[in-house]
Amino acid sequence: MNSTRPEFAGSGLSGGEAAARLAADGWNELPSSRPRSLLAIAWQVLREPMFLLLIGASAIYLVLGDVREAVVLSVSVFVVMGITFFQERKTERALEALRELASPRTQVLRDGHWKTVSGREIVTGDIVLVKEGDRVPADALLQSANNVTADESLLTGESVPVRKRAAAPGAGEAPPAHPGGDDLPFVYSGSLLTSGQGVARVTATGARTGLGRIGKALETLVPEPSPIQRETRRAIVVFATIGLSLCALVTVLFGVLRGDWLNGLLAGVTLAMANLPEEFPVVLTVFLALGAWRISRRGVLTRRAPAIETLGATTVLCVDKTGTLTENRMAVRRLWANGREIDLGAEGVDAVPELLEYSLLASERAPFDPMERAYRDLARARSPDAVDELDNHTLAHSYSLTPEQLSVAYIWQPPDRDTHVVAAKGAPEAIMELCALDRRQREVIQAEVARMAADGLRVLAVARGDVAPAYQGSRWPAGQHELKLRFVGLTGLADPVRTDVPGALAQCYAAGIRTVMITGDYPGTARAIAQQIGLANPEMVTTGGEITGMSESALRERVARCNVFARVVPEQKLRLVEALKANGETVAMTGDGVNDAPALKAAHIGVAMGKRGSDVAREAASLVLLEDDFASMVEAVSLGRRIFDNIQKAMRYIVAVHVPTAGMALLPLVFGWPLLLYPVHVVFLEFVIDPTSSIAFEAEPAERNVMTRPPRRAGSRLFDAPLVISALLQGMGILLVVATLYGVALARETPEPVARAMAFATIVVGNLGMIVVNRSRDATLLETLSRPNPATWWVVGGTLAGLALVLYVPAASAIFRFGPPDATQLLACAAAAIAGSVWLQLTHRLRWHNRIRDSVSRPPLPR
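Per chain, residue numbering runs from 1 following the sequence as it is written. With pLDDT at 70 or above as the cut-off, local features in this predicted model cover only qualifying residues; side-chain atom pairs require 80 or more to be listed or tallied, and sums for whole chains, interfaces and linings still use all residues. The side-chain numbers reported here are obtained from all heavy atoms of the structure, hydrogens and water having been left aside.

## Digging into the sheet that holds strand β9 (residues 316–320)
Note the following rule: If DSSP finds at least two bridges between two strands, the strands pair. Numbering of helices and strands runs from the N terminus; a helix is a DSSP stretch of H or I covering at least four residues, while a strand is a stretch of E covering at least two. Here an axis means a line fitted to C-alpha atoms, over the contact stretch when the element is a helix, while the angle between two N-to-C directions is reported on a 0 to 180 degree scale. Contacts are residue-level and defined by heavy atoms, with any inter-residue pair within 4.5 Å sufficient.
The strand order β8-β22-β21-β20-β9-β17-β19-β18 describes an open sheet built from eight strands, whose pairing is mixed. A single partner strand is all that each edge strand has here, and the edge strands are β8 (300–302) and β18 (541–543). Across the sheet, the mean angle from the axis of one strand to that of its neighbour is 20°, orientation sign disregarded. The pairing of β9 with strand β17 (residues 514–518) spans five bridges and is parallel. For L317, the partnering residue across the bridge sits in β17 and is T515. Packing against the sheet, helix α18 (residues 523–533) makes contact with β17, β18 and β19 (564–566), and its axis sits at approximately 150° to β19.

Printed below as a string of structure tokens:
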């Protein structure tokens, strides 16, 4: 029988045997990149421009004879290397957790029981189940096969699927030299089963498989950068060009105006260090990796990082009904036979034993399908002996469901009869056609189907028959149309709506996200579910037949208004996605079958089902719903918005904080003041900027309105004009305050070390002010201070402690060329910091950058 878990003579490996083989052979996975070693990270750090500049500055100090400064800068290289290593390991741990989740799940026989394990845990000798739509987890020998065909194009280049057969008893296990060809008992790792199912014994795993032998070629594939990565790289080039140009300008001006070329070079290096935005790529790497990890904790696996960028711009969620909006836990609610109906909630089933009997015979013996489980559960609850008696039937032949014939049929040999019986079930239209009913009979049945579907029931028809003697013992009918069948009745099954769906749908509408239900079910069923969950405009339903007859322009007009599509086949999902995209929507699309892959690929965000989805659907998707539920998808959208918000906050802060640093490296030269900043000062500031941008902002909670504001505009840039102007205004305000303080202090003949200490302290406090201001888009200062984020306060506390150390500990202040400010001078610093904070609050409260961004987005959708 074509069962999802067929009977198998054996118990498979024991848990101990599997563990021993796993320890000996290693994980069942292709060679991949490993976590980088400490030396590899150190080498990467040393090649970064910032650290090359640090080394250059250290060399200049040695030439000048200032060994202490040279040593301090050299030590700072190792400190920053430690920070980088910490960030690298944190990111790698998140990615490792994602790799474990991403490993395909496989059904394996262990200790006599079928269980689902990660594909990487499969070992040689395991008994595994392979079925239509799955990727084969390892090279294996088929022990049983039912209508198995496989696409081995990944290994052979041949797109036509090849037939498979079960191995003969005692057959050898040596596969042919090359895959390909029909009627072989071998299936190969990475190949895709296009039909049927079978049980196979694993013969090779990991690098020892046919796919593993070409793994080196696969390792050379380099993914293209995402739009946000390309934009960040452009920003780095722009900032680096500006920094190096100013470096050259300062060096020349210093040498010409002051006649000191070596110190001019040192001033130029300091300015270049102050301008280099080396935090940009760190922020992207950490935020996207940890963001994907955070999303996975909500039951959504991120397979492609650009999906995180797109989540916040999603305007339409296209979702399947079964298992996503509903529980995928069917129960038989109504049976109809001989012109009368029985509601099982009120009556029993004794009056119609034939309908339930043939529903069982037209189902898998050990079913996974929720409707077939519902038949079995009901029958066993009413008469366990009757179910056991039916299980003694022997399967002689079966007919699978195809796109052309939406029904299945099984030919059984009862234990006490010489003749064979036939049981068929499927779409009512298909069964009525097989039974050759007249027009009057069809009308009666169709009316009942419509009535049951209007009540939200999934309707299947059942038929029975006997095999003509001419077929017995020789050949079976070529197709279901050759069977002589009699109509038995209709079954109505209900799949309850998930309890969290109405609330999640309300969140979508509040966030300006439209939800579209696409199902293969009947229009009445789809309409009933749409009404239960609160979907907008549930009365307007478009069927797959209508879609077929529509032009592209007509379909675009229809998808702009219709939220319920019924009797849709997978191929039509692609047309719906393309029509929505043509209307300017940013589309997230769910799917689970092999045929859904084109639609998943075409959508901006393809979302595959983790439990019931096929491997090929998961591979085509950007996200995988591990629990197949709609609410986790909505949570992923919320997290996607939070992640993008926090990336923008970090980028705004990074741009803003470099303005006063770079400005105070340049202005003293312009005004003839003593140099304020040296490389050691820039390094101190980097110790504040790096953990703030990559750790503190990443942990920032979501905004209060994260799911009550419209989606951001599709194609909006990370470094848009509002963000850059806002950051520049913040930075220029702090620069003005610091420059004024430094100029006034020098004009009042304050000793140069003290004036430098006062100005530097103001820069640091202004830096901390920018951290606080940029933590939220919309919150007030008091609201921001009350938002939980321990990482931020660790950074603030550590920075203030470090500032006190370099100001008042003689050994440290000597390295920084500081003199300790007295109480009056500290009050002046405090006054400057307050002035800077007032400016920051003014720029924040204007919030014009938020209004500009939101004004180009659509308003929230009406319910």
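Having seen it, we continue.
## Concerning the side chain of R641
Rules: We call a residue buried when its accessible area falls under 20% of the maximum for its residue type, exposed when it is over 50%, and partly exposed in between, using a 1.4 Å probe and counting protein chains only. His is not counted, nor are the chain ends, whereas Lys and Arg count as positive and Asp and Glu as negative. Here, a salt bridge means any side-chain nitrogen of Lys or Arg that lies within 4 Å of a carboxyl oxygen of Asp or Glu. Each polar contact in these results corresponds to two N or O atoms within 3.5 Å; when the atoms are within protein, one needs to be able to donate a hydrogen and the other to accept it, and residues that are neighboring in sequence are counted only if both atoms are side-chain atoms.
Residue placement: R641 occurs in helix α24 (residues 630–671). No salt bridge is formed by the buried R641; its nearest oppositely charged neighbour, D645, is found at 7.7 Å. Here the side chain of R641 touches R709 through a polar contact of 2.8 Å, landing on its backbone oxygen. Setting aside anything within four residues of it in sequence, one finds R641 in contact with G312, A511, I513, V706, M707, R709, P710 and P711.

## A short note on the pairing of strand β15 (residues 458–466)
Side-chain direction in a regular strand flips from residue to residue, so the side chains alternate between the two faces of the sheet. Burial of β15 is extensive: seven of the nine residues sit out of reach of the surface. Across six bridges, strand β14 (residues 421–426) lies against β15 in antiparallel orientation. Residue pairing for β15: V421 is matched across the bridge by D466.

## Details of the packing of helix α27 (residues 752–773) against helix α29 (residues 790–808)
For clarity, the threshold we go by: These descriptions rest on fixed angle ranges, namely under 35 degrees for roughly parallel, over 145 for roughly antiparallel, 65 to 115 for roughly perpendicular, and the rest for oblique. Three classes are used: nonpolar for Ala, Val, Leu, Ile, Met, Phe, Trp, Tyr, Cys and Pro, charged for Asp, Glu, Lys and Arg, and polar for all others, with Gly counted as polar.
Direction vectors running N to C along α27 and α29 enclose 180°, while the axes themselves pass 11 Å from each other. One element, α27, and the other, α29, form an angle in the roughly antiparallel class. Within the contact between the two elements, α27 uses A757, F760, A761, V764, L768 and I771 and α29 uses T792, V795, V796, T799, L800, L803 and L807. Tallied by class, residues from the contact of α27 with α29 come to eleven nonpolar, two polar and no charged.

## Comments concerning the pattern of salt bridges
One pass over the full model with this rule turns up 21 salt bridges. In this structure, R376 engages D391 in a salt bridge whose closest nitrogen and oxygen atoms are separated by 3.1 Å. With R376 in helix α13 (residues 370–382) and D391 in helix α14 (residues 384–391), this residue pair connects regions lying 15 residues apart in the sequence. Owing to a relative accessible area of 14%, R376 belongs among the buried residues under this scheme.

## With respect to the packing of aromatic side chains
Condition: Here a Phe, Tyr or Trp ring, Trp counted by its six-membered ring, pairs with any other such ring whose centre lies within 6.5 Å, and the pair is stacked when the planes are under 30 degrees apart, edge-to-face when over 60, and tilted otherwise. A ring is scored as having a charge over it whenever the NZ atom of a lysine or the CZ atom of an arginine sits within 6 Å of its centre and within 35 degrees of its normal.
Under the definition given, this model contains nine aromatic pairs. Judged by centre distance (6.3 Å) and plane angle (50°), the ring pair of F760 and F816 falls under tilted. A residue pair is termed long-range when its members are at least 10 positions apart, and F760 in helix α27 and F816 in helix α30 (residues 810–816) qualify at 56 residues. Its end group placed over the ring of W27, R120 keeps NZ or CZ at 4.1 Å from the ring centre. We note R817 situated over the ring of Y678; from NZ or CZ to the ring centre the distance is 3.9 Å.

## With respect to the pairing of strand β13 (residues 407–413)
Burial within β13 is extensive, with seven of its seven residues counted as buried. Going residue by residue along β13, you find S407, A409, I411 and Q413 tucked away on one face and V408, Y410 and W412 tucked away on the opposite face as well. Bridge count for strand β12 (residues 394–399) against β13 is five bridges, and the pairing is antiparallel. What sits directly across from Y399, in β13, is A409. Pairing between β13 and β14: six bridges, direction antiparallel. By the bridge assignment, Y410 is partnered in β14 with A423.

## Some points on helix α17 (residues 501–510)
Where we set the bar: The directions from the helix axis to the C-beta atoms form the arc being described.
Those residues of α17 that fall on the buried side of the exposure criterion are V501, A504, L505, C508 and Y509. Axial view of α17: buried residues confined to an arc of 145°, hence all on one face. Residues of α17 that are buried in the fold lie against β9, β17, α18 and α24. Just downstream of α17, G512 is the residue with a positive phi angle, here 75°.

Honestly, that's just the spatial picture; any functional story needs more than this.
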